[in-house]
Amino acid sequence: MTRVRTARTVDGRRLEVSQVVQVPAADAWDPLVDTTQWPEWSPLITGVEATDRRIRPDTTGRIRIPGAWLPFRITSCTERRWTWRVTGIPATGHRVDELGDERCRIVIELPLLASGYVPVCLRAVENLESLLEGDESVVQ
């Protein structure tokens, strides 16, 4: 079930784009923190160069999107949530909410002013679901 809603988060009111998936939370967390997997599920990221393969606070690097390389810095990374700045601007937050042993919710948090980015986030959570549940229909 894909969902878009406004919610209060640690970073204040934000838009949340989420998808419930039938995998353990730890499995859903892996592609979110493994920079080598970002191009597999992100509709925009085609390449990543990072100081750490698995992100942690202050991991830095750059992402390739069509036409440009953009610098990023991870601003926070806790047990199941991370945020970053891209080109120095606060960007999306990413988290996984455990819903049981074999079920969780993947959430991408957006600043309210970034509502135009919702379709990209919808595609990202759908791609993550396909990747995690073994469906070959990941769409870029």
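None of these values were measured; they are calculated from a predicted model. (Residues numbered from 1 in each chain as written. Predicted model: local features only at pLDDT ≥ 70, side-chain atom pairs only at ≥ 80, totals over all residues. Heavy atoms only, no water.)

Looking now at the sheet that holds strand 5 (residues 68–77). Ordered in space as 1-2-8-7-6-5-4-3, the 8 strands form an open sheet in which the pairing is antiparallel. Only two strands of the sheet have a single partner each, and these edge strands are strand 1 (2–9) and strand 3 (47–50). Going across the sheet, the axis of each strand differs from the next one's by a mean of 30 degrees, ignoring polarity. Across 6 bridges, the pairing between strand 4 (residues 60–65) and strand 5 is antiparallel. Its bridge partner being in strand 5, Thr60 is matched across the sheet by Arg73. (Pairing = 2+ DSSP bridges. Helix = DSSP H or I, 4+ residues; strand = E, 2+ residues; numbered from the N terminus. Axes fitted to C-alpha atoms, helices over the stretch in contact; angles between N-to-C directions.)

This part is about the pattern of salt bridges. Working definition: two side chains of opposite charge can pair if their charged atoms are close together. Per the stated rule, a full pass over the model turns up 13 salt bridges. Between Glu109 and Arg14 there is a salt bridge, with the nearest N and O atoms lying 4.0 Å from each other. Residue Glu109 is found in strand 8 (residues 103–111), and its partner Arg14 is found in strand 2 (residues 12–21); the two are separated by 95 residues along the sequence. A residue is classified by how much of its surface remains accessible, and Arg14, at 7% relative accessible area, is buried. For the salt bridge of Arg73 with Asp58, the shortest nitrogen-to-oxygen distance reads 3.4 Å. Note that Arg73 is positioned in strand 5 and Asp58 in the loop between strand 3 and strand 4, a separation of 15 residues in sequence. (Salt bridge = Lys/Arg side-chain N within 4 Å of Asp/Glu carboxyl O. Buried < 20%, exposed > 50% of the residue type's maximum accessible area, 1.4 Å probe, protein only.)

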